[in-house]
Amino acid sequence: MGFDPGEEEQRRQLAAVIEQAGISVSTLWLHYFSMTGSVGEYETEAYLQGLMSLPALQRDLLAQAANELLPDRSELPRAPYSDQARESDPGEGG
Amino acid sequence: MVPSLPLDELSTVFARLSGMLLTQEKVDPALTSLAGAIKAAVPGAVGAGVTLIDAEGHRTSTGYTDEVVAEADALQYSLNHGPCLTAWAKRTTVRMDDVSADPRWPLWSSAVASMPIRSVLSSPLLYGSGALGALKVYASTPHAFPASSQAMLELTALPAATLLANAQGSDAPQRLSAGLTNALTSRDAINAASGVLMERHGLRKEEALRELLQLAETQSSTVRDTALRVLGSTAAGGRTPHGL
């Protein structure tokens, strides 16, 4: 699998979203698992720390899992999908 | 052809196991019934006990068939010596054919002198390289346990240790048990809905899952609810829901 230039940005934004929302990695992982996510909790943790690469579908399931865990009508930014992360504005967030 | 993920089988196994996981409130009754089974299985036993011991030699849980077993056991841990502690520490079966004549644990022997305890067999609950605790049987007469009793106790200790090692209470299984059940139900629904989309649109599994993700996003719904709607549309007569 080749290097995906959007992966780092997608990962960074996902990590920021769950940190701001106070979602623990284990909570995120269990919800991702409930959505048929196929990597383990340790791999999820490693991905969030930038230590491991994941296929786009798994990254998008993690993003969707995080977004579903955000409170209703939350003002918090949402985690991007792989096709959105590439187009994201680098000035956004921080 | 995308191979099906072994995780689904694993998760089913895990769910079965989590049903067996013991919370602290359930450990003692489980040990008590184990003690009862040992008493019934070991020839000559008039009392039996199971004790779980932590790495520092402290008793963490206990189950016994008779009050006298509980008392004799408690004495070992307050005196910090006795046949079961030795069985646990040395990871080998300890046999006392006559408590009143055995010089190895004098404090304990004299403490139980007034109790109906003359023969003792104790086997460690071995698991991996460690010992989780010990099983013990008592009899009120000396030389009460033939070699077959020892063989039976040791035979019981092995599966008991394996089960206890996997079933001991901890916070994580408690946290998971409800969440995991929901997660598995949701996984089933999403997998089934993916299958419907695969057949309906000739998609590969990954494509079907991505379709569900996109539907959930455009409908501001969860993937699980989207999957349930897909399944509902099938149950309602195969009508394709809006957007499919």
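The residue numbering used here restarts from 1 in each chain and proceeds along that chain's sequence as written. As a convention, the first chain written is A and the first ligand written is 1, with the rest following in written order. For a predicted model such as this one, the threshold for reporting local features is a pLDDT of at least 70, and the threshold for listing and counting side-chain atom pairs is 80 or more; totals across whole chains, interfaces and linings nevertheless cover every residue. With hydrogens and water excluded, all non-hydrogen atoms of the structure serve as input to the side-chain values.

Engineer: If you had to explain the sheet that holds strand β5 (residues 130-139) of chain B to someone new, which residues and values would you point to?
Structural biologist: All names here are of chain B. Here, any two strands with at least 2 DSSP bridges between them count as paired. The helix count covers DSSP runs of H or I at least four residues long, the strand count covers runs of E at least two residues long, and both are numbered beginning at the N terminus. Here five strands make up an open sheet; going across it, the order is β2-β1-β5-β4-β3 and the pairing antiparallel. The open sheet has two edge strands, β2 (59-64) and β3 (94-96), and neither has a second partner. Neighbour to neighbour, the strand axes of the sheet diverge by 15° on average, direction disregarded. Pairing analysis gives six bridges linking strand β1 (residues 47-53) to β5, with the strands arranged antiparallel. Note that in β5 the partner of Thr51 across the bridge is Ala134. For helices, the axis comes from a line fit to the C-alpha atoms of the stretch in contact; other axes are also lines fit to C-alpha atoms, and the angle between any two N-to-C directions lies between 0 and 180 degrees.

Engineer: Residues and numbers for the side chain of Ser122 of chain B, please.
Structural biologist: Residues and elements named next belong to chain B. Assignment of secondary structure puts Ser122 in strand β4 (residues 119-127). Exposure is judged per residue with a 1.4 Å probe applied to protein chains only, and the accessible area is read against the type maximum: over 50% gives exposed, under 20% gives buried, and values in between give partly exposed. Classification of Ser122 as buried rests on a relative accessible area of 0%. Two N or O atoms count as a polar contact when they lie within 3.5 Å, although within protein this holds only if one can serve as hydrogen donor and the other as acceptor, and sequence-adjacent residues are included solely when both atoms are side-chain atoms. Here Leu135 takes part through its backbone oxygen, which lies 2.9 Å from a polar atom of the side chain of Ser122. Contacts between residues were defined by any pair of non-hydrogen atoms, one from each residue, lying within 4.5 Å. Beyond its immediate sequence surroundings of up to four residues, Ser122 is in contact with Pro83, Cys84, Ala87, Thr92, Thr93, Val94, Ala134, Leu135, Lys136 and Leu153.

Engineer: Break down the pattern of salt bridges for me, citing the residues and quoting the values.
Structural biologist: Within this document, salt bridges are pairs made up of a side-chain nitrogen of Lys or Arg and a carboxyl oxygen of Asp or Glu, the two lying within 4 Å of each other. Under the counting rule described, the total for this entry stands at twelve salt bridges over all chains. Two residues, Arg11 of chain A and Glu8 of chain A, come together in a salt bridge whose shortest N-O distance is 2.8 Å. Separated by three residues within a single helix, Arg11 of chain A and Glu8 of chain A lie in helix α1 (residues 7-21), roughly one turn from each other. Look at Arg11 of chain A and you get buried, because its relative accessible area is 13%. Here Asp225 of chain B makes a salt bridge to Arg224 of chain B, at a shortest N to O gap of 3.2 Å. Take Asp225 of chain B: its relative accessible area is 31%, and that puts it in the partly exposed class. For Arg224 of chain B, a relative accessible area of 38% gives the class partly exposed. When salt bridges with common partners are traced through the structure, they connect Arg59, Asp73 and Lys136 of chain B into a single cluster.

Engineer: How would you explain the interface of chain A and chain B if you had to name every residue and give the values?
Structural biologist: Listed as interface residues are 17 residues of chain A and, on the opposing side, 22 residues of chain B. Put simply, buried area is the surface a 1.4 Å probe can reach on two separate parts but cannot reach once they are joined, added for both. Each partner contributes to the roughly 1600 Å² buried at the junction of chain A and chain B, and carbon and sulfur atoms together form 67% of this total. Our count for the contact surface shared by chain A and chain B stands at one salt bridge. Measuring nitrogen to oxygen at the nearest pair gives 2.8 Å for the salt bridge that ties Arg210 of chain B to Asp60 of chain A. Counting across the chain A and chain B interface gives six residue pairs in polar contact (both at pLDDT 80 or more). For this scheme, ten residues count as nonpolar: Ala, Val, Leu, Ile, Met, Phe, Trp, Tyr, Cys and Pro. Four count as charged, namely Asp, Glu, Lys and Arg, and the remainder, Gly too, count as polar. A class-by-class count of the residues in the side of chain A that touches chain B yields seven nonpolar, eight polar and two charged.

Engineer: Would you mind going over the pairing of β5 of chain B in detail, with residue names and values included?
Structural biologist: All names here are of chain B. Taking burial as the measure, the ten residues of β5 include nine buried ones, the bulk of the element. Bridge count for β4 against β5 is eight bridges, and the pairing is antiparallel. Each residue of the ladder has a partner; that of Ser122, found in β5, is Lys136. The antiparallel pairing of β4 with β5 creates a hairpin that spans two residues between the two strands, and Gly128 there sits at a positive phi of about 60°.

Engineer: Just give me the short version of the packing of helix α4 (residues 56-69) of chain A against helix α8 (residues 205-218) of chain B, but keep the residues and values in it.
Structural biologist: Relative to each other, α4 of chain A and α8 of chain B sit at 30°, their axes nearing to 11 Å. Between α4 of chain A and α8 of chain B, the crossing angle belongs to the class labelled roughly parallel. Between α4 of chain A and α8 of chain B lies a crossing of left-handed hand. Contacts between α4 of chain A and α8 of chain B involve Ala56, Leu57, Asp60, Leu61 and Gln64 of chain A from the former and Glu206, Leu209, Arg210, Leu213 and Ala216 of chain B from the latter. In terms of residue class, the contact of α4 of chain A with α8 of chain B is made up of six nonpolar, one polar and three charged. Orientation categories follow fixed angle ranges, with anything under 35 degrees roughly parallel, anything over 145 roughly antiparallel, 65 to 115 roughly perpendicular, and all other angles oblique. Working rule for handedness: look at the near helix, and if it is turned counterclockwise from the far one by less than a right angle, call the crossing left-handed; if clockwise, right-handed.

Engineer: An account of the packing of aromatic side chains is requested, with residue identities and associated values reported.
Structural biologist: A pair of Phe, Tyr and Trp rings is counted when the ring centres sit within 6.5 Å of each other, with Trp represented by its six-membered ring. The angle between the planes then sorts it: under 30 degrees is stacked, over 60 is edge-to-face, the rest tilted. Counted by the stated rule, this structure contains one aromatic pair over all chains. Criterion for a charge above a ring: Arg CZ or Lys NZ at most 6 Å from the ring centre, at most 35 degrees from the ring normal. A cation sits over an aromatic face here: Arg187 of chain B above Phe33 of chain A, 4.3 Å from the ring centre.

Engineer: Quick one: what's the story with the confidence of the model for chain A, residue by residue and with numbers?
Structural biologist: Residue and element names in this part refer to chain A. Across the chain, each position has a pLDDT score giving the predictor's confidence in that residue, from 0 to 100. Chain-level pLDDT for chain A is 85 on average; 85% of the residues reach the 70-or-more range. The spread of mean pLDDT over the elements of chain A runs between helix α5 (residues 82-85), the lowest at 80, and α4, the highest at 95. Confidence drops under a pLDDT of 50 for residues 88-94, and excluding neighbours within four residues, the segment shows five contacts in the predicted structure.

Engineer: Outline helix α3 (residues 41-48) of chain A, supporting the account with residue identities and numerical values.
Structural biologist: Residue and element names in this part refer to chain A. Looking only at α3, the buried set comprises Thr44, Ala46, Tyr47 and Leu48. Where α3 is buried, its residues touch α1, α2 (25-34) and α4. Two residues or fewer after α3 comes Gly50, characterised by a positive phi angle close to 80°.

Engineer: Help me get a handle on unusual backbone geometry, residues and values and all.
Structural biologist: Most peptide bonds take the trans configuration, and most residues that are not glycine carry a negative phi. Residues and elements named next belong to chain B. The phi angle at Asn80 is positive, at roughly 65°, despite the residue not being glycine. Looking at the secondary structure, you find Asn80 in the loop between α3 (67-79) and α4 (83-90). Of the residues examined, Asn80 reaches a relative accessible area of 58% and is grouped as exposed. In this structure, His143 is a non-glycine residue whose phi angle is positive, near 50°. Here His143 is to be found in the loop between β5 and α6 (147-167).

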